[in-house]
Amino acid sequence: MFENISEQQARKEILISIKEYADKFHRQKKTFQPGQNIPYASRVYDSSEMVNLVDSSLDFWLTAGRYTDEFEKKFAQYLGVRFCSLVNSGSSANLIAFMALTSPLLGDKSIKRGDEIITVAAGFPTTVTPAVQFGAVPVFVDVTIPQYNINAEQLEAALSDKTKAVMIAHTLGNPFDLKAVKAFCDLHNLWLVEDNCDALGSQYTMNGETKFTGTIGDIGTSSFYPPHHMTMGEGGAVYTNNPLLHKIIRSLRDWGRDCICPSGFDNMCGHRFEGQYGELPVGYDHKYVYSHFGYNLKATDMQAAVGCAQLEKLPCFVEKRKHNFRRLKTALLDTESKLILPKACDNADPSWFGFLITCKDGIDRNNVVQYVENKGIQTRMLFAGNLIKHPCFDGMRISGSGYRVAGELVNTDRIMKDTFWVGVYPGMTDEIIDYMAKIIHEAL
């Protein structure tokens, strides 16, 4: 097949064939039929993702490479941040974001075991897990309904002389009160980590300036798992404007090493065998000097290749999510005597991940959810509901140590009992949104 042609021409012919294949077999649009399965989220893609994926595989570099470099550069440009590091998942992004703040390079501001991190229990566990695993103490604060984000009025009550950071998520795309939280962190010299995994594309206006969420605190994180705003299959990112934090993040992602040479490259600085580090002998190979206890959390270049194509679509994805959210909320406005509908935080323009619904007194969530599910519409809880009620906290509850609760988690418990959500992802048509509204009305 490839006789008498160059490798470049052979690659071109392969990629043309891949595009034709994807256009023929992956773009079959089916007419929506009431009762068919409606996922809360799904991949939205076309031939460009598959062409990039195959193009990367033909290099057979496999680990981080040219597509990774391209993605990190373009993703940072999209967000308006200086530094971006691609990782293998959003959970890994949260792990690195937290562990970066434990680095001895940060001096007195570094988080030590026993220090406290203010967070919430109404969310996804991997926002909290890194702190628990390290030996820091999460301090849980209640949230507000219908914003489903941290109650900023309770921050001062959660503060102690051991508090070092606030690490919280923008719930299902709805930014938390960044103005209040950032002011609190600045006042008390605390780190702020924005878990932006469910909020890519959300914006917040503060002091007359509009920025993307994830870029206002010290570190932001994203997830590229298939249900999220864009996907690589698996994947995540950690981003910051702080050069020192970026250096630490890269070290932790790449085995904890001190050297900044990427995989497959040696001696970029020209001083590989000249330094002296720790108690190692002078001239020890800098490529194998470790300044942190790190990990290998890099993504593959094939993941990054998919991400590069998805990133081009991200602005359209964000606008479609906003459209679907508005349409569904408008269709459900007449249910407000029975349901609490979601509300954006002040000064926020959310890139909604889902549509949160809380049942009022007299409406049984389980009955509503089961009716909706039986009609083919996927639902989800607000993740953990109340994280400290889960089995992973059993031992900590029994011992009475390992975490602290500031005040009472009244709304958190209500969310655990009365709240669920449905999707608004870009693959949903107006017909699907209207059908979901119809079924929710029937359920009530």
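Refer to the structure printed above.
Per chain, residue numbering runs from 1 following the sequence as it is written. Totals for whole chains, interfaces and linings use every residue, but because this is a predicted model, local features are given only for residues with pLDDT of at least 70 and side-chain atom pairs only at 80 or more, for both listing and counting. Heavy atoms throughout the structure, all of them, feed into the side-chain values; hydrogens and water do not.

Secondary structure follows DSSP: runs of H or I at least 4 residues long count as helices, runs of E at least 2 residues long count as strands, and numbering of each begins at the N terminus. With respect to the helices and strands, Thr-215 occurs in the loop between strand E7 (209-212) and strand E8 (219-223). Burial classification: accessible surface area is computed with a 1.4 Å probe over protein chains only, and a residue below 20% of its type maximum counts as buried, one above 50% as exposed, and the rest as partly exposed. Given a relative accessible area of 8%, Thr-215 falls into the buried group. Side-chain atoms alone can form a polar contact between residues adjacent in sequence; in general such a contact is a pair of N or O atoms within 3.5 Å, and within protein one must be able to donate a hydrogen while the other accepts it. Here Phe-212 takes part through its backbone oxygen, which lies 2.6 Å from a polar atom of the side chain of Thr-215. Pairs of residues are marked as contacts when any of their non-hydrogen atoms sit within 4.5 Å. Sequence-distant contacts of Thr-215, defined by excluding residues within four places in its chain, comprise Leu-79, Val-81, Glu-194 and Asn-241.

So, about the packing of helix H9 (residues 301-332) against helix H13 (residues 430-443). Helix axes are fitted to C-alpha atoms over the stretch in contact, other axes to C-alpha atoms as well, and angles between N-to-C directions run from 0 to 180 degrees. At a minimum axis separation of 9 Å, H9 and H13 run at an interaxial angle of 30 degrees. Here the hand of the crossing between H9 and H13 comes out right-handed. Taking contact as the criterion, the partners of His-323, Asn-324, Arg-327, Leu-328, Ala-331 and Leu-332 in H9 are, on H13, Asp-430, Ile-433, Asp-434, Met-436, Ala-437, Ile-440 and His-441. Partitioned by chemical class, the residues of the contact of H9 with H13 number 7 nonpolar, 3 polar and 3 charged. Here a crossing is taken to be left-handed if its near helix is turned anticlockwise relative to the far helix by less than a right angle, and right-handed if that turn runs clockwise. Here the nonpolar group is Ala, Val, Leu, Ile, Met, Phe, Trp, Tyr, Cys and Pro; Asp, Glu, Lys and Arg are the charged ones; every other residue, Gly included, is treated as polar.

Our focus in this paragraph is the pattern of salt bridges. Salt bridge, as used here, is a side-chain nitrogen of Lys or Arg placed within 4 Å of a carboxyl oxygen of Asp or Glu. Using the criterion set out here, one finds 26 salt bridges in the structure. For Glu-116, the salt bridge is made with Arg-404, and the minimal N-O distance between the two is 2.8 Å. Linking Glu-116 in strand E2 (residues 116-120) with Arg-404 in strand E13 (residues 404-405), this pair joins segments that are 288 residues apart in sequence. On the basis of relative accessible area, Glu-116 is assigned to the buried category, the value being 8%. One salt bridge in this structure joins Asp-413 and Lys-389, with 3.3 Å as the shortest N-O distance. Here Lys-389 lies in the loop between helix H10 (365-374) and helix H11 (394-399) and Asp-413 lies in helix H12 (residues 410-418), a separation of 24 residues in the sequence. Given a relative accessible area of 28%, Asp-413 falls into the partly exposed group. Bridged by salt links that share partners, the residues Arg-11, Asp-55, Asp-59 and Arg-66 form one connected network.

Here we come to the nonpolar core. The set of buried Ala, Val, Leu, Ile, Met, Phe, Trp, Tyr and Cys residues whose side-chain atoms join them within 4.5 Å is what this entry labels a nonpolar core. Within the largest apolar cluster, 34 residues are counted, with the highest numbers of intra-cluster contacts made by Ile-118, Ile-150, Val-166 and Val-181. Looking at this core, the element that brings in the most residues is helix H7 (residues 178-188), giving 4 residues. Residues contacting Val-181, with those up to four places away along its chain left out, are Ile-150, Leu-155, Val-166, Ile-168, Phe-176 and Leu-192. Ile-357, Val-372, Ile-433 and Ala-437 belong to the second largest nonpolar core, which has 28 residues in total.

For the rest of this paragraph, the subject is the packing of aromatic side chains. Within 6.5 Å between ring centres, the rings of Phe, Tyr and Trp (the latter by its six-membered ring) count as paired, and their orientation is classed by plane angle as stacked under 30 degrees, edge-to-face over 60, tilted in between. Going through the model one piece at a time under the given rule, you end up with 17 aromatic pairs. With centroids separated by 5.5 Å and ring planes inclined at 85 degrees, the aromatic side chains of Phe-75 and Phe-224 adopt a geometry described as edge-to-face. Separated by 149 residues along the polypeptide, Phe-75 in helix H3 (residues 66-79) and Phe-224 in the loop between E8 and strand E9 (236-240) bring together distant segments of the chain. Geometrically, the ring pair formed by Phe-353 and Trp-421 is tilted, given 5.5 Å between the ring centres and 45 degrees between the ring planes.

Before going further, it helps to examine helix H8 (residues 243-253). Looking only at H8, the buried set comprises Leu-245, His-246, Ile-248, Ile-249, Ser-251, Leu-252 and Arg-253. The secondary structure elements touched by the buried residues of H8 are H3, strand E1 (83-87), helix H4 (90-100), strand E5 (191-195), E8 and E9. Between a side-chain oxygen at the N-terminus of H8 and the backbone nitrogen of Leu-244 the separation is 2.9 Å; the capping residue is Asn-242. Positive backbone phi, approximately 70 degrees, marks Trp-255, located one or two places after H8.

For the rest of this paragraph, the subject is the sheet that holds E1. A pair of strands is labelled paired if DSSP reports no fewer than 2 bridges between them. Taken together, the 8 strands give an open sheet; going across it, the order is E1-E9-E8-E5-E4-E2-E3-E13, and neighbouring strands pair in mixed fashion. Only two strands of the sheet have a single partner each, and these edge strands are E1 and E13. Where E2 meets strand E4 (residues 163-169), 3 bridges bridge the pair, whose relative direction is parallel. Across the sheet, the residue bridging to Ile-117 is Ala-165, located in E4. Its contacts with the sheet put H7 on E2, E4 and E5, and the angle it makes with E5 is roughly 150 degrees.

Turning our attention to the sheet that holds strand E11 (residues 348-349). Ordered by their spatial adjacency, 3 strands build an open sheet running E7-E6-E11, and the pairing between neighbours is antiparallel. Of all the strands in the sheet, just E7 and E11 have a single pairing partner and so form its edges. Pairing geometry for strand E6 (residues 203-206) and E11, over 2 bridges, is antiparallel. Residue pairing for E11: Tyr-204 is matched across the bridge by Ala-348.

Looking now at the packing of helix H1 (residues 7-25) against helix H2 (residues 47-59). In contact at an axis separation of 9 Å, H1 and H2 are set at 145 degrees when each is read in the N-to-C sense. The interaxial crossing formed by H1 with H2 has right-handed handedness. On H2, the residues that touch Arg-11, Ile-14, Leu-15, Ile-18, Lys-19, Tyr-21, Ala-22 and Asp-23 of H1 are Ser-47, Met-50, Val-51, Val-54, Asp-55, Leu-58 and Asp-59. Tallied by class, the residues present in the contact of H1 with H2 amount to 9 nonpolar, 1 polar and 5 charged.

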